[in-house]
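Each chain, letter by letter, is given below.
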Amino acid sequence: MIPQSTIYAHLAANPKSAYKQLFIKGTRIRAEVIYGMTVDGSEPMTPEQMAAEFNLPMEAVREAITYCESNPAEVAEDHRAEEALMEATGMNDPDYKYGGKYKVVSPEERARLGL
């Protein structure tokens, strides 16, 4: 999904993760988390604050933001997969947080959903 011509110094896929999007190398921090914390919420953090908070090089934070601003297909696919899993397990049911039942998703259903 990632164009072969794009080479990142601080980002890489995590083969141990179900997420397909890129992570900060050597960490379990998804680039999307860094990006989200700089643009979302009531008090977004500056890239400098993110670098200090997560003990990351400033270049890694900038690269994560640039990567996410390019709207990579793997991030959209991760969102689609999460939404499909939440729907299949009943987590999207409005009563779920009030004791709704979690549904176990069979391997066949996971395959059908592309998970």
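Below: a short report on this structure. Note that the coordinates shown come from a computational prediction; the quantities given were computed from them, not determined experimentally. Starting from 1, residues in each chain are numbered consecutively following that chain's sequence as written. Since the coordinates come from a predicted model, pLDDT governs what is reported: local features require at least 70, and pairs of side-chain atoms require 80 or more to be given and counted, while whole-chain, interface and lining totals use all residues. Each side-chain value is worked out from all heavy atoms of the structure, with water and hydrogens disregarded.

1. Focus on the environment of Glu59
Move 1: To qualify as a helix, a DSSP run of H or I must reach at least 4 residues; to qualify as a strand, a run of E must reach at least 2; elements of each kind are numbered from the N terminus. Mapping Glu59 onto the fold places it in helix H3 (residues 58-69).
Move 2: Any residue under 20% of the maximum accessible area for its type is buried, any over 50% is exposed, and the rest in between are partly exposed; the area is computed with a 1.4 Å probe on protein chains only. Given a relative accessible area of 46%, Glu59 falls into the partly exposed group.
Move 3: Spatially, the C-alpha atoms of Glu59 and Pro47 are 9.6 Å apart, while their sequence positions differ by twelve residues.

2. Some words on the side chain of Thr89
Move 1: Relative to the elements of secondary structure, Thr89 occurs in helix H4 (residues 73-89).
Move 2: Classification of Thr89 by relative accessible area gives buried; the value is 0%.
Move 3: Here a polar contact is taken to be a pair of N or O atoms separated by no more than 3.5 Å, where protein atoms must pair a possible hydrogen donor with a possible acceptor and residues adjacent in sequence count only if both atoms sit in side chains. A polar contact of 2.9 Å, which involves the side chain of Thr89, links it to the backbone oxygen of Leu85.
Move 4: Dropping the residues within four chain positions of it, Thr89 is found in contact with Lys101, Tyr102, Lys103 and Val105. Every residue pair with non-hydrogen atoms within 4.5 Å of one another is taken to be in contact.

3. Here we look at a nonpolar patch on the surface
Move 1: Here the term patch refers to residues with relative accessible area over 30% and no salt bridge, with like charges joined within 9 Å and nonpolar side chains (Val, Leu, Ile, Met, Phe, Trp, Tyr) within 5 Å. Here, Shrake-Rupley sampling with a 1.4 Å probe gives the accessible areas, and only protein chains in the shown set may cover a residue. We count a salt bridge whenever a side-chain nitrogen from Lys or Arg sits within 4 Å of a carboxyl oxygen from Asp or Glu. Nonpolar side chains collect at one region of the surface, where Met91, Tyr102 and Val104 lie side by side and expose about 340 Å² of accessible area between them.
Move 2: Structurally, Met91 can be placed in the loop between H4 and helix H5 (107-113).
Move 3: In this structure Met91 comes out as partly exposed when scored by relative accessible area, which is 37%.

4. Re the packing of helix H1 (residues 31-39) against helix H2 (residues 47-54)
Move 1: Between H1 and H2, the least distance of the axes is 10 Å, while the angle of their chain directions is 130 degrees. Classified by the angle between their axes, H1 and H2 sit oblique to one another. When you trace H1 past H2, the crossing you get is right-handed. Across from Ile34, Met37 and Thr38 in H1, the residues of H2 making contact are Pro47, Met50 and Phe54. To obtain an axis, a line is fitted to C-alpha atoms, over the contacting stretch when the element is a helix, and the angle between two such axes runs from 0 to 180 degrees between their N-to-C directions. Note that the term roughly parallel is reserved for angles under 35 degrees, roughly antiparallel for angles over 145, roughly perpendicular for angles of 65 to 115, and oblique for everything else. Crossing handedness follows the turn of the near helix against the far one: under a right angle anticlockwise gives a left-handed crossing, and clockwise gives a right-handed one.

5. Re the packing of aromatic side chains
Move 1: Put simply, two rings from Phe, Tyr or Trp (the six-membered ring, in Trp's case) pair if the centres are within 6.5 Å, and we call them stacked under 30 degrees between planes, edge-to-face over 60, tilted for the rest. Applying the stated criterion across every chain, the model contains one aromatic pair.
Move 2: Taking the centre distance of 5.6 Å and the plane angle of 85 degrees together, the rings of Tyr8 and Tyr67 count as edge-to-face. Pair noted here: Tyr8 is in the segment before strand E1 (11-12) and Tyr67 is in helix H3, with a separation of 59 residues, a long-range link.
Move 3: For Tyr8, a relative accessible area of 18% translates into the label buried.
Move 4: Note on Tyr67: relative accessible area 1%, which makes it buried.
Move 5: Against the face of Tyr19 rests Arg30, its NZ or CZ located 4.3 Å from the ring centre. Charges are assigned to positions over rings by a cutoff of 6 Å between ring centre and Lys NZ or Arg CZ, combined with an angular limit of 35 degrees from the ring normal.

6. Let's talk about unusual backbone geometry
Move 1: Although it is not a glycine, Asn55 adopts a positive phi angle of roughly 55 degrees.
Move 2: Its place among the elements puts Asn55 in the loop between H2 and H3.

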